[in-house]
Amino acid sequence: MESKYNYFKRDISWLSFNYRVLLEALDERLPLYERINFISIYSSNLEEFYKIRVADHKAVASGATESDEETVQSARELVEEINKEVTRQLDDRVRIYEQKILPALRKNHIIFYQDNHVEPFHQQFIKDFFREEIFPYLQPVPVSKDKIVSFLRDNRLYLAIRVYPKKEEKNKGEEPKENIEKYTGECINERNDGEGIKVGMEAARPNVTDLRQPLYFVMKQPYAKVPRFIELPSREKNHYLMFTEDIIKANLNLIFPGYDVDSSYCIKISRDADILIDDTASSADLVAQLKKKVKKRKIGDVCRFVYDRAMPSEFLDFLVDAFRIQRDELVPGDKHLNLEDLRHLPNPNKSLHSLEKPKPMKLTVLDEKESIFNYVAKKDLLLYYPYHSFEHFIHFLYEAVHNPETREIMVTQYRVAENSAVINTLIAAAQNGKKVTVFVELKARFDEENNLATAEMMQAAGIKIIYSIPGLKVHAKVALIRRRGLNGEKIPSYAYISTGNFNEKTATLYADCGLFTCRKEIVADLYNLFRTLQGKEDPKFTTLLVARFNLIPELNRLIDREISLADEGKQGRIILKMNALQDPTMIDRLYEASEHGVQIDLIVRGICCLIPGQSYSRNIRVTRIVDSFLEHARIWYFGNDGTPKVFIGSPDWMRRNLYRRIEAITPVLAPDLRDSLIEMLNIQLADNQKACWVDDKLQNIFKKRTPGTPTVRAQYTFYDWLNKTNS
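Small disclaimer: the values here were computed from a predicted structure and weren't measured.

(A) Main features of the overall build of the chain. A tally of regular secondary structure across the chain gives 20 helices and 28 strands. In the chain, which comprises 727 residues, the proportion classed as buried is 59%. Counted over contacts in the chain with a minimum sequence separation of 6, partners at least 24 positions apart contribute 78%. A total accessible area of about 31700 Å² is found for the chain, and carbon and sulfur atoms account for 48% of it.

Okay, structure coming up:
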């Protein structure tokens, strides 16, 4: 039955979010290098988007795979729509970069060469640097439609170069085209110091009316050997930077003696990075599949071919034919590609200040002498990362290691940091004679190899490892410390339920929260969940909400309750904070609640397929916040006629989270902790600095501060609130 409601397309909605990230580069209140970093984040996000989402749609569009959610035709249309929107956004990225960022750098005495002009006092340095640091690593490869296609590596920058034989060489009877392979090998070793290096691509271009045939080459940029950005000698109070590829372009005549260099442009390939595995395989087979298939990620099918938009059409046509690129894979880019590298842009002007981000605070009630076990035995504890220090969680595990009454430590692992203190502590627990059980999700995209290596290291230390469940991902972020008195008496065990991974690196970048509790009903439910992960039983949960068990029925009951209140003339109220809202079934429930008069605020960072501003969504508002930290927490509030119910946990409202994963959500039962979460939600809804409304056209409409009202920048305002209450 066709729904009476409408929805945004998931991937077009995601592009709206990523565009909001790019808009941070326009905020002149931010330190300059923070603005530059947002261009890097935008570019990196887009790269992964093409490798996964667009690659999936292209596979359907080509008939290589089948989908229950789209047809061949709809997949083709969606790829076309995506490319059109990305092209529009990249036009804006070019304008922001060239018209805002580069002038701001220049204003701060950082001259970032971008074009053919290089000051005379740097020309000799560029020549010498090229000869000594770059030339030995360059290997031009000829491109021909009639020969074997050269393989372009994933996400590597290449220069596509067009040259013409010099007329005098041709008059001598030489045939460079026929001897191109021999020539290529020779030119690599030839320094040709007698040839003046023509800085700024000033080498004479051939007369396009002559009969000489062009030759084409590609050349991989040697960034493993040479940095992407080169600092040139300063002069007076100015500092100078240059892209390595621009230095190479300025010296192409050295690489191609006997040729007139016509032009060169940056290109790159993005390849399908998704790993197709048999999701029903046993753990042993899954491990074997992953070890084999992650190595093939870099040679996946092409999902986009990005090129300098200044490239002439006949040049592009030649490359498309030679590399057998499909037209729907073409995405015009900037002169300089891979701008995700801007996060490494040197800052030679030390007077440029960096952003003073909130520093993680330690709770005064949990000083180094205070036992977290003793504290949580008396009352629940809620930590907010990165405002609170992740060291408290490490200390929690450390206590478990050295507590003689600890019987077992049980943890889920989805994404962990390299050289993780969490993993090292678990290994220490096993070596200290504790029973340690860790569930490892091998199918965490782009973390498969790290998770597998970490699991094997833990297994070698004596930790019991449970691998992925066939057909499911386990996305829950939970830990359980089971204890028993030395004489068998009952003593508290400890549960920890979080919205974020056990990763001390991302705990400084992602805004998450985690609950410590000794409540027997939560501890018992969590133990049942771990037994389920071991395949031992089909449990019943009394307090925790667990996806694929009791989550959907309870969500429906909570929404029905708010609808009933609204129907009775009372206030129906829902606030939902999450990363993504995509499941049509749950969106329909929110539309239905809106139609009954329930007031709904959504704080959704990324994908939001719910369309506000419709007759059936007139009581729904969508807020998006992008700031210093990545908003990652999932917090759900239901008004419940003045006695609010508040939950935190791991799932977004995506189909995959609600129906195809194991997710864990806990109610926050302590009134003071519940109130602090409500305070956080209210502060985020009041944000008038970094918050946007998402309108019915997926536009990001910045919220404006009303004259006379306080300035609210949610992440910083909430940090200040936490700091004041830290006593």
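(B) Fine view of the sheet that holds strand S3 (residues 158–165). What the six strands build is an open sheet, ordered S2-S4-S3-S7-S8-S9; its pairing is mixed. On the outer flanks of this sheet lie strand S2 (141–143) and strand S9 (330–333), each paired with one strand and no other. Neighbour to neighbour, the strand axes of the sheet diverge by 35° on average, direction disregarded. Sheet topology places S3 next to strand S4 (residues 215–220); six bridges connect them, and they run antiparallel. Bridged to Tyr 158 within S4 is Lys 220.

(C) Focus on the confidence of the model for the chain. On average, residues of the chain carry a pLDDT of 88, and 89% of them reach 70 or more. Per-residue pLDDT stays below 50 along residues 169–208; that stretch engages in 73 contacts with residues further than four places along the chain or on separate chains.

(D) Geometry of the packing of aromatic side chains. Scanning the model with the defined rule gives 38 aromatic pairs in all. Between Phe 130 and Phe 135, the aromatic rings sit 5.3 Å apart at their centres with planes inclined by 20°, giving stacked as the arrangement. The residues Phe 130 and Phe 135 share a single accessibility class, namely buried. Centroid distance Phe 718 to Trp 721: 5.8 Å. Interplanar angle 15°. Geometry classified as stacked. A residue pair is termed a helical-turn pair when its members lie 3 or 4 positions apart in one helix, as Phe 718 and Trp 721 do in helix H20 (residues 714–725) at three residues.

(E) Local environment of the pairing of strand S26 (residues 664–667). Side-chain alternation along S26 places Ala 664 and Thr 666 on one buried face and Ile 665 and Pro 667 on a second face that is also buried. The pairing of strand S18 (residues 545–546) with S26 spans two bridges and is antiparallel. Looking at the pairing, Val 546 lines up with Ala 664 of S26. One ladder, built from three bridges, connects strand S24 (residues 645–649) with S26; its direction is antiparallel. Across the sheet, residue Phe 647 finds its bridge partner in S26, namely Pro 667.

(F) Molecular detail of the nonpolar core. Core analysis: the largest hydrophobic core is formed by 84 residues, its most contacted members being Leu 105, Leu 581, Leu 590, Leu 602, Leu 610, Trp 636 and Trp 653. Of all the elements, helix H2 (residues 32–61) adds the most residues to this core, at eleven residues. With near-sequence residues (within four places) excluded, Leu 610 lies in contact with Phe 8, Leu 581, Ile 587, Leu 590, Tyr 591, Leu 602, Ile 620 and Val 622. Grouped together as the second largest cluster of nonpolar side chains are 44 residues, Leu 363, Ile 423, Val 438 and Leu 452 included.

(G) Quick look at helix H3 (residues 72–107). Over its 36 residues, H3 extends 51 Å from the first C-alpha to the last, a length consistent with the 52 Å expected when each residue adds 1.5 Å. Of all the bends in H3, the greatest, near 30°, is centred on Tyr 97. Just beyond H3, the residue with positive phi is His 109, at close to 65°.

(H) Broad picture of the sheet that holds S24. If you trace the nine strands from one edge of the open sheet to the other, you get S18-S26-S24-S23-S19-S20-S21-S27-S28, paired in mixed fashion. Each having just a single partner strand, S18 and strand S28 (700–702) make up the two edges of the open sheet. Packing of helix H19 (residues 671–686) onto the sheet brings it into contact with strand S19 (573–578), strand S20 (599–604), strand S21 (620–625), strand S23 (634–638) and S24, and relative to S19 it is tilted by some 80°.

(I) Main features of the environment of Ala 61. Take Ala 61: it is sitting in helix H2. Judged by its relative accessible area of 8%, Ala 61 is buried. With residues up to four places along the chain from it excluded, the contact list for Ala 61 reads Val 72, Ala 75 and Arg 76.

(J) Here's a closer look at the side chain of Arg 589. Inspection of the secondary structure assignment puts Arg 589 in helix H17 (residues 584–595). When near neighbours in sequence (up to four residues on either side) are disregarded, Arg 589 contacts Asn 556, Ile 559, Asp 560 and Ile 563.

Calculation rules
- Residues numbered from 1 in each chain as written.
- Predicted model: local features only at pLDDT ≥ 70, side-chain atom pairs only at ≥ 80, totals over all residues.
- Heavy atoms only, no water.
- Helix = DSSP H or I, 4+ residues; strand = E, 2+ residues; numbered from the N terminus.
- Buried < 20%, exposed > 50% of the residue type's maximum accessible area, 1.4 Å probe, protein only.
- Contact = heavy atoms within 4.5 Å.
- Areas by Shrake-Rupley, 256 points an atom, 1.4 Å probe, with all protein chains shown as cover.
- Pairing = 2+ DSSP bridges.
- Axes fitted to C-alpha atoms, helices over the stretch in contact; angles between N-to-C directions.
- pLDDT = per-residue confidence, 0-100.
- Phe/Tyr/Trp six-rings, centres within 6.5 Å; stacked < 30°, edge-to-face > 60°.
- Core = buried A, V, L, I, M, F, W, Y, C linked by side-chain atoms within 4.5 Å.
- Expected span 1.5 Å × (residues − 1).
- Bend = angle between axes of the 7 residues up to and from the residue.

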